[in-house]
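In case you want the letters, here they are:
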Amino acid sequence: MARAVKRAFKYRFYPTDAQAAQLSRTFGCVRLVYNMALQARTEAWAQRRERIGYNATSALLTGWKRTDDLAFLNEVSCVPLQQALRHLQTAYVNFWARRAKHPTFKSKRRSRRSAEYTASAFRWREGTLTLAKMAEPLDVVWSRPLPDGVSPSTVTVSQDAAGRWFVSLLCDDAIDQTTATGMVGIDAGLDSLLTLSTGEKITNPRHERADRQRLARAQRGLARKQKGSANRAKARIRVGRIHARIADRRRDHLHQLTTRLVRETQTIVIEDLTVTNVVKNHRLARAISDAAWRQLRTMLEYKSAWHGRTLIVVDRWFPSTRLCSTCGALAQKMPLDVREWTCPCGAAHDRDVNAARNILAAGLAVTACGDDVRPRRGTSRTGQSSAKQENPRATKGDPVL
């Protein structure tokens, strides 16, 4: 059997000078339209307490194109501009649902350079991709084939800080469903990126630390360049290339790791870590960011859905480190420098392996009690976790890394 999913296939391409100029103009227009629509919606609410949606901003866009100052918006495809308004609408919906903060303005230097084309704004024929307002197809490096007999529904073109061009094609795909057995609890860490309840420890490759000296040297060179000069632009690209190298290696390692876990295990239990709060510890912020715990969880979530696996998330306040996996006794303190400890019952524990086993047991308790997979908001405030209804003591205290 196979599961039908929407899947994005990302490729690198090499535009001609004319294509690069056209895409750069498109990126700038997309950013401008997004910022103007955001300003219009913000002022409407601040001045008149009026909520305007996508339809109203789309009508504003039509009026902007007719003015002399913004007539250049007609030089690019209208579809990426409309998509920018839809993305802004999505951002507001997430804000109203309290899933995200209020939308912010896009920056020319810091924001992602991208444009999204729907089916009416590109032509896909015999393996060639041609975007609207372009006479020639893109020179795409097809590093892997698309699924047989499908056409992309959406095309997203982007450029990273290193100057590389990418195109992402969203297609319908069928994921073969494979059988798997067993269950595993996962404890995320820094010395070991992951520790499994089976006792296996996966080494943290520390990609950022490996290139830290190169990155520092490139950043010092960038700081010495005069602002607005061509040399500063070149130095910025050198810094971007080092960051891209770090991100590419980290992403590749996480893909291999999560794919292996999903293919081999039917039930995966992880901890609900709030990375935003954890990185406030300035001594560990750099190492935690390099470990990319949030990216790891995201990959596990969508790959588990693809392959029909069960992913259970345990409440962040569950003291997996301080709880004895043998007798259930709760230790009062467990500093970070304590890597091994012995329970009064006589059981000797490795800190990370013990935590992984407790996470697995808590996840199975969630399944047995029929609670939600994701912890509710109230559990963190009250200190009561649905994962440990059988032992209320286990949920008291502060979260421990």
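For the structure itself, consult the block above.
Residues numbered from 1 in each chain as written. Predicted model: local features only at pLDDT ≥ 70, side-chain atom pairs only at ≥ 80, totals over all residues. Heavy atoms only, no water.

**Student:** With reference to specific residues and values, describe empty space enclosed by the protein.
**Tutor:** According to the stated counting rule, one finds four cavities of 30 Å³ or more in the structure shown. Each pocket or cavity is described by its volume, and for the largest cavity that value is around 170 Å³. In this structure, the largest cavity is lined by 13 residues; those nearest its centre are A188, E271, L273, W293 and R297. For the lining of the largest cavity, the elements supplying multiple residues, two or more each, are β8 (183-188), β11 (267-271) and α9 (293-307). (1 Å grid on protein atoms, 1.4 Å probe; cavity = no way out; pocket = protein on both sides within 12 Å on 5 of 7 lines; lining within 4 Å. Points joined across faces, edges and corners; volume = space filled by probe spheres on them. Helix = DSSP H or I, 4+ residues; strand = E, 2+ residues; numbered from the N terminus.)

**Student:** Hey, could you go over the sheet that holds strand β2 (residues 113-118) for me, with residue numbers and the actual values?
**Tutor:** Strand order across the open sheet formed by five strands is β2-β6-β7-β1-β5, with antiparallel pairing between neighbours. In the strand order of this sheet, the two ends are held by β2 and β5 (140-141), each with one partner. For strand β6 (residues 154-159) and strand β7 (residues 165-176), the ladder comprises six bridges, and the chain directions are antiparallel. Residue pairing in the sheet places V155 in a bridge with L169 of β7. Packed onto the sheet, α9 meets β1 (2-13) and β7 and runs at close to 135 degrees relative to β1. (Pairing = 2+ DSSP bridges. Contact = heavy atoms within 4.5 Å. Axes fitted to C-alpha atoms, helices over the stretch in contact; angles between N-to-C directions.)

**Student:** Which residues make up helix α1 (residues 17-48), and what values go with them?
**Tutor:** Helix length check: α1, at 32 residues, gives a terminal C-alpha distance of 46 Å against a target of 46 Å (1.5 Å per residue), a fit within 8%. Once α1 finishes, R49 follows within two positions and takes phi at roughly 55 degrees, a positive value. (Expected span 1.5 Å × (residues − 1).)

**Student:** Explain the packing of aromatic side chains to me, using residue names and the numbers behind them.
**Tutor:** For the structure on display, the rule yields six aromatic pairs. Ring centres 4.8 Å apart and planes at 65 degrees place the aromatic pair Y11 and W142 in the edge-to-face group. Here Y11, found in strand β1, pairs with W142, found in the loop between β5 and β6; they are 131 residues apart in sequence, far enough to count as distant. When the ring of Y92 is compared with that of W96, the centres are 5.5 Å apart and the planes differ by 40 degrees; the resulting orientation is tilted. Of the two residues, Y92 and W96 are both situated in helix α3 (residues 78-96); the distance of four residues between them amounts to about one turn of the helix. Overall, W96 belongs to the partly exposed group, its relative accessible area being 34%. Linked through ring pairs, Y11, W124 and W142 together constitute an aromatic cluster. Seen from the ring of F166, K10 lies directly overhead, with NZ or CZ sitting 4.7 Å from the centre. Just above the ring of W45 sits the side chain of R51; from NZ or CZ to the centre is 5.8 Å. (Phe/Tyr/Trp six-rings, centres within 6.5 Å; stacked < 30°, edge-to-face > 60°. Buried < 20%, exposed > 50% of the residue type's maximum accessible area, 1.4 Å probe, protein only. Lys NZ or Arg CZ within 6 Å of the ring centre and 35° of its normal.)

**Student:** How would you sum up unusual backbone geometry? Please name residues and give values.
**Tutor:** Comment: phi is negative for the bulk of residues other than glycine, and the bulk of peptide bonds are trans. Although it is not a glycine, K133 adopts a positive phi angle of roughly 70 degrees. Of the residues examined, K133 reaches a relative accessible area of 51% and is grouped as exposed.

**Student:** How would you sum up the pattern of salt bridges? Please name residues and give values.
**Tutor:** By the definition in use, this model includes 21 salt bridges. For R164, the salt bridge is made with D248, and the minimal N-O distance between the two is 2.9 Å. Of the two residues, R164 is situated in the loop between β6 and β7 and D248 in helix α6 (residues 230-264); the sequence distance between them amounts to 84 residues. Overall, the relative accessible area of 17% leaves R164 in the buried class. Taking the shortest distance from any N to any O, the salt bridge between E301 and R294 comes out at 3.8 Å. Under the relative-accessibility criterion, R294 is labelled partly exposed at 43%. A network of salt bridges, in which partner residues are shared, links D272, R294, R297, E301 and R316. (Salt bridge = Lys/Arg side-chain N within 4 Å of Asp/Glu carboxyl O.)

**Student:** A description of the pairing of β1 should follow, citing residues and the corresponding values.
**Tutor:** On a regular strand, each side chain points to the face opposite its neighbour's, so the side chains alternate between the two faces of the sheet. With 12 bridges connecting them, β1 and β7 associate as antiparallel partners. What sits directly across from A2, in β7, is D176. Strand direction decides the pairing type here: β1 and β5, joined by two bridges, are antiparallel. Each residue of the ladder has a partner; that of R12, found in β5, is V141.

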